[in-house]
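What follows is each chain in one-letter form.
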Amino acid sequence: MIYLDNAATTKTAPEVVEAMLPYFSENYGNPSSIYTLGGTSKKAVNRAREIIAASLGAKTNEIYFTTGGTESDNWAIKSVAEAYKDKGKHIITSKIEHHAVLHTCEWLEKQGYEVTYVDVDENGIVKLDELKKAIRPDTILISVMFANNEIGTIEPIREIGEIARENGILFHTDAVQAYGHIPINVDEYHIDMLSASGHKFNGPKGVGFLYIRTGLKLRNFIHGGQQERGRRGGTENVPSIVGIGAAAERAFANLEERQNKETQLRDYLIAQIQEKIPYCRLNGDAVKRLPNNVNFSFQFIEGESLLILLDMQGICASSGSACTSGSLDPSHVLLAIGLPHEIAHGSLRLSLSEENTKEEIDKTVEALSGIVERLRSMSPLYEDFIKKNR
């Protein structure tokens, strides 16, 4: 099997699993308990919090553990909407956000809030001039993802943070695809809230965190006990929190080396596809791009057929976000960058890890080339196109 869908989820690293295991059956105490067994769990949770805070240049008490990126996005956006509604009920986001953000904003619109969805350019970069023009006296939040989960484009987060700060507006970024893959400092980027998810950087599924800058008056997200300093009730998932801490420590220990390796593989894969498969388009910015992301659209091809035939050859890939894999609609991200429906339908996302090899890339391109040729041979549109362009 060749696994090229790391943007959907990553393999939990062996050392992360090893770190988690004692907290299932040996150190199983509740962190809220006052006896030693509970204290052991509490220390482990605090250690994970310290690791993550240090990786962001944040304070330890600014990290709150959640079940993942979707919960963190919901918490950030809904809490700001409620806490700052007396100041205003206007939110700005982009058209290419993950559905955890878009659907939350759509829900808020039904509650009487106004949301401006800013356009992006053909590479998926948010149009800063349009964002500035969207700001109003009643704007309370700007939420723009750090890097896009489908096309890999890294957004101008520092500039957006500066715009938000200059206008007294809170700034949230969904960093689910970026955290653990590229350096992030919350102060340098003027970030007030940041969402991340453990399973995107070799941690376990079902755990993430939300960074909340000190001083933000946000409501408690889950009412119950005093866990997470009273903001999110419920007994902590200690094994998974230990896991996300171990995964973060692992990710940042060799970040530069991993970035370099994945970037070289990524660029090699892009070059091979462009050389060997005609009538294809690289989606996303060629330079301002996540190290492990490759996204192409192939003309005269249905993406679903492409994925099925790749799977039959033992290659795991996707057509976009794993959260919309059951949808027949073309990617909202690809439509936002200006692709027509028929080309957007023929998209393929290949996302790498440090474990992938050049040999795997060569095998993938060879398989992909044959599949595209086979599918196009059955397309009357392709046949007509070739006749007209002879």
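Each value, and the rule that gives it
- Residues numbered from 1 in each chain as written.
- Predicted model: local features only at pLDDT ≥ 70, side-chain atom pairs only at ≥ 80, totals over all residues.
- Heavy atoms only, no water.
- Pairing = 2+ DSSP bridges.
- Helix = DSSP H or I, 4+ residues; strand = E, 2+ residues; numbered from the N terminus.
- Axes fitted to C-alpha atoms, helices over the stretch in contact; angles between N-to-C directions.
- Contact = heavy atoms within 4.5 Å.
- Salt bridge = Lys/Arg side-chain N within 4 Å of Asp/Glu carboxyl O.
- Buried < 20%, exposed > 50% of the residue type's maximum accessible area, 1.4 Å probe, protein only.
- Right-handed = clockwise from strand over helix to strand, strands pointing away.
- Arc of directions from axis to C-beta.
- Patch = residues over 30% accessible without salt bridge, like charges linked within 9 Å, V, L, I, M, F, W, Y side chains within 5 Å.
- Areas by Shrake-Rupley, 256 points an atom, 1.4 Å probe, with all protein chains shown as cover.
- Phe/Tyr/Trp six-rings, centres within 6.5 Å; stacked < 30°, edge-to-face > 60°.
- Parallel < 35°, antiparallel > 145°, perpendicular 65-115°, else oblique.
- Left-handed = near helix turned anticlockwise from the far one by under 90°.
- Nonpolar A, V, L, I, M, F, W, Y, C, P; charged D, E, K, R; others polar.

(A) Quick look at the sheet that holds strand β12 (residues 347-351). Ordered in space as β9-β10-β12, the three strands form an open sheet in which the pairing is antiparallel. The open sheet has two edge strands, β9 (280-282) and β12, and neither has a second partner. Shown here is a sheet whose adjacent strand axes are inclined to one another by a mean of 25°, direction ignored. With five bridges connecting them, strand β10 (residues 293-298) and β12 associate as antiparallel partners. Directly across from S297, in β12, lies its bridge partner S347. Along the sheet, helix α9 (residues 255-276) contacts β9, β10 and β12; its crossing angle with β10, the most-contacted strand, is approximately 15°.

(B) Quick peek at the pattern of salt bridges. Inspection of the entire model under this criterion finds 20 salt bridges. Residues K11 and E355 are paired through a salt bridge, measuring 3.1 Å at the closest nitrogen-oxygen approach. Pair noted here: K11 is in the loop between β1 (2-3) and α1 (14-20) and E355 is in the loop between β12 and α13 (358-377), with a separation of 344 residues, a long-range link. Salt-bridge contacts for R258 lead to E354; the nearest nitrogen and oxygen are separated by 4.0 Å. With a gap of 96 residues between them, R258 in helix α9 and E354 in the loop between β12 and α13 connect regions that are remote in the sequence. The exposure classification of R258 matches that of E354, with both residues buried.

(C) Broad picture of the pairing of strand β6 (residues 170-174). With respect to burial, β6 is a largely interior element, five of its five residues being buried. Here β6 shows no split at all, with L170, H172 and D174 on one side and F171 and T173 on the other all buried. Looking at chain direction, strand β5 (residues 139-143) and β6 are connected through three bridges and run parallel. The partner of S143 across the bridge, within β6, is H172. In this region the chain leaves β5, passes through helix α7 (residues 157-166) and returns to the parallel neighbour β6; the handedness of that crossover is right-handed.

(D) Quick look at the sheet that holds strand β2 (residues 63-66). Pairing is mixed in the open sheet, where seven strands are placed in the order β2-β8-β7-β6-β5-β3-β4. Looking along the sheet, the strands with just one partner apiece sit at the ends: β2 and β4 (114-118). Taken pair by pair, the neighbouring strands of this sheet meet at an average axis angle of 20°, ignoring direction. Contacts from α7 reach β5 and β6, with the element oriented near 155° to β6.

(E) Looking closely at α7. By the burial criterion, the buried members of α7 are I157, I160, G161, I163 and A164. Projected down its long axis, α7 carries its buried residues within an arc of 160°, all on one side. Looking one or two residues past α7, G168 carries a phi angle of roughly 65°, positive in sign.

(F) Summary view of a nonpolar patch on the surface. Taken together, the side chains of V17, L21 and F24 make up a nonpolar region of the molecular surface, amounting to roughly 280 Å² of accessible area. Among the secondary structure elements, F24 is positioned in helix α2 (residues 22-25). With relative accessibility at 53%, the residue F24 sits in the exposed group.

(G) Molecular detail of the packing of aromatic side chains. Scanning the model with the defined rule gives eleven aromatic pairs in all. Between Y179 and F209, the ring centres sit 5.1 Å apart and the planes meet at 80°, which makes this aromatic pair edge-to-face. In this pair, Y179 sits in the loop between β6 and β7 (193-197) while F209 sits in strand β8 (residues 208-212), placing the two residues 30 residues apart along the sequence. Note on Y179: relative accessible area 1%, which makes it buried.

(H) Up close: helix α10 (residues 303-312). Buried within α10 are the following residues: G303, L306, L307, L309 and L310. On the buried face of α10, the contacting elements are β10, β11 (315-316), β12 and α13. Of the residues trailing α10, G314 is marked for its positive phi of about 80°.

(I) Representation of the packing of helix α4 (residues 69-83) against helix α5 (residues 99-110) within the structure. Axis separation between α4 and α5 bottoms out at 9 Å; the angle between their running directions is 30°. Considering the angle they form, α4 stands roughly parallel to α5. Where α4 crosses over α5, the handedness of that crossing is right-handed. Facing α4, whose interface residues are T70, D73, N74, I77, K78 and A81, α5 presents A100, V101, T104, W107 and L108. Of the residues in the contact of α4 with α5, the class split is six nonpolar, three polar and two charged.

(J) Seen up close, the environment of Q264. Among the secondary structure elements, Q264 is positioned in helix α9. Note on Q264: relative accessible area 59%, which makes it exposed. C-alpha of Q264 to C-alpha of K358: the two residues are 94 residues apart in sequence and 9.6 Å apart in space.

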